[in-house]
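# Examining the three-dimensional arrangement
Next come the chains, spelled out residue by residue.
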Amino acid sequence: SQTIHQWPATLVQPVGSPLSLECTVEGTSNPNLYWYRQAAGRGLQLLFYSVGIGQISSEVPQNLSASRPQDRQFILSSKKLLLSDSGFYLCAWSSARNQPQHFGDGTRLSIL
Amino acid sequence: SQELEQSPQSLIVQEGKNLTINCTSSKTLYGLYWYKQKYGEGLIFLMMLQKGGEEKSHEKITAKLDEKKQQSSLHITASQPSHAGIYLCAYQGGSEKLVFGKGTKLTVNP
């Protein structure tokens, strides 16, 4: 069966520091991969998605970037964090478009 | 843009009671997903509905999509504390993204 792992589970970072969140999927090949953010009092917002290695699409302009160095690895990064980057970050995968997306346990990011 | 409205926003029930959560769209839904989220955790996929009039069940949870494909309901029979959490409906947006409703917070008192 397929599993998705995200780490770390929680992270506290100072403003201006870099960020790297990692997500890996097991048990499937060539998944579609997604990064969402859930901010306090707001719904889930898609940040990036990838349909293949090296293919990244950004949904909203922001201070973050994403990379997919391997088929089942998706990384969310920032060179300098802003206070507004705080939130709950969720990685998800699906076998194809119009198929259910399956989510990891999330990373809670607090910026001080 | 198409929006999903969920009702009620929050719901408190006694264990053993039945309950229904609604999700209404401003436009026709071509695929409707139900997820459950416990506080501070990821989303758990419950069900996907695609056809008008479709109904699916998993354990004590039943989801339906109306014939016009603009409204879905999630019904829980004989609720248990394990059913507590936030229930989210979502549809497949124009690109790869899922567009979510704001969620219904369910509390089940023992």
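Analysis parameters
Residues numbered from 1 in each chain as written. Chains lettered and ligands numbered in written order. Predicted model: local features only at pLDDT ≥ 70, side-chain atom pairs only at ≥ 80, totals over all residues. Heavy atoms only, no water. Helix = DSSP H or I, 4+ residues; strand = E, 2+ residues; numbered from the N terminus. Polar contact = N/O pair within 3.5 Å; in protein donor to acceptor, adjacent residues only side chain to side chain. Contact = heavy atoms within 4.5 Å. Pairing = 2+ DSSP bridges. Axes fitted to C-alpha atoms, helices over the stretch in contact; angles between N-to-C directions. Buried < 20%, exposed > 50% of the residue type's maximum accessible area, 1.4 Å probe, protein only. Core = buried A, V, L, I, M, F, W, Y, C linked by side-chain atoms within 4.5 Å. Buried area = accessible area lost by both parts, 1.4 Å probe. Salt bridge = Lys/Arg side-chain N within 4 Å of Asp/Glu carboxyl O. Nonpolar A, V, L, I, M, F, W, Y, C, P; charged D, E, K, R; others polar. Phe/Tyr/Trp six-rings, centres within 6.5 Å; stacked < 30°, edge-to-face > 60°. Lys NZ or Arg CZ within 6 Å of the ring centre and 35° of its normal.

This part takes up the side chain of Arg-37 of chain A. Residues and elements named next belong to chain A. Within the fold, Arg-37 resides in strand 4 (residues 32-38). Polar side-chain contacts of Arg-37 include one of 3.1 Å to the side chain of Tyr-89. In this view, Arg-37 contacts Gly-43, Leu-44, Gln-45, Leu-47, Gln-62, Leu-64, Ser-84, Asp-85, Ser-86, Phe-88 and Tyr-89; residues no more than four positions away in its chain are not counted.

Okay, the sheet that holds strand 1 (residues 4-7) of chain B next. Residue and element names in this part refer to chain B. The antiparallel open sheet is built from 5 strands, whose spatial order is 1-3-8-7-6. This sheet does not close on itself; its edge strands, each paired only once, are strand 1 and strand 6 (55-58). Ignoring which end each strand starts from, the neighbouring axes of this sheet average 15° apart. As paired strands, strand 7 (residues 61-65) and strand 8 (residues 71-76) are joined by 5 bridges and run antiparallel to one another. Residue Thr-62 lies in a different strand from strand 8, and its bridge partner there is His-75.

Further remarks concern the side chain of Ser-50 of chain A. All names here are of chain A. Here Ser-50 lies in strand 5 (residues 44-52). Under the relative-accessibility criterion, Ser-50 is labelled buried at 1%. Within the local environment of Ser-50, its side chain forms a polar contact with the backbone oxygen of Gln-55, the two atoms lying 2.6 Å apart. Filtering out sequence-adjacent residues up to four positions away, Ser-50 remains in contact with Pro-31, Asn-32, Leu-33, Gln-55, Ile-56, Arg-68 and Phe-74.

Further remarks concern the nonpolar core. All names here are of chain B. Counting residues in hydrophobic clusters, the biggest one holds 23 residues, and the most contacted among them are Leu-4, Leu-19, Leu-32, Trp-34, Leu-74, Tyr-87 and Leu-106. Secondary structure elements with two or more residues in this core: strand 2 (10-14), strand 3 (19-25), strand 4 (32-37), strand 5 (43-49), strand 7, strand 8, strand 9 (85-92) and strand 11 (104-109). Those residues in contact with Leu-74 that lie beyond four places of it in its chain are Leu-19, Thr-20, Ile-21, Trp-34, Met-47, Ile-61, Thr-62, Ala-63 and Tyr-87.

The partner chain A presents 21 residues to the 19 residues of chain B that form the contact. When chain B packs against chain A, the two sides together hide about 1600 Å² of surface, and 54% of this comes from carbon and sulfur. Of all residues in chain B, the largest losses of buried area upon contact with chain A belong to Leu-43, Glu-96 and Phe-100 of chain B, amounting jointly to 32% of the total for that side. Along the contact surface separating chain B from chain A lie 0 salt bridges. Applying the counting criterion to the chain B and chain A interface returns 5 residue pairs in polar contact (both at pLDDT 80 or more). Residue composition of the side of chain B that touches chain A, grouped by class: 8 nonpolar, 8 polar and 3 charged.

So, about the packing of aromatic side chains. Considering all chains together, one arrives at 8 aromatic pairs over all chains under this definition. Summarising the aromatic geometry, the rings of Tyr-36 of chain A and Phe-103 of chain A are spaced 5.4 Å apart at their centres and angled 45° between planes, so their arrangement reads as tilted. Of this pair, Tyr-36 of chain A sits in strand 4 while Phe-103 of chain A sits in strand 10 (residues 102-103), placing them 67 residues apart in sequence. The pair Tyr-36 of chain A / Phe-103 of chain A is uniform in exposure class, with both members buried. Seen from their ring centres, Tyr-35 of chain B and Phe-45 of chain B are 5.7 Å apart, and the 65° between their planes marks the pair as edge-to-face. A residue pair is termed long-range when its members are at least 10 positions apart, and Tyr-35 of chain B in strand 4 and Phe-45 of chain B in strand 5 qualify at 10 residues. You can call Tyr-35 of chain B buried: its relative accessible area is 0%. The class of Phe-45 of chain B is partly exposed, set by a relative accessible area of 25%. Ring-pair connections join several aromatic residues into one group, and the members of that group are Tyr-34, Tyr-36 and Phe-103 of chain A together with Tyr-35, Phe-45 and Phe-100 of chain B. In this structure, Arg-108 of chain A packs its charged tip against the face of Tyr-39 of chain B, placed 5.8 Å from the ring centre.

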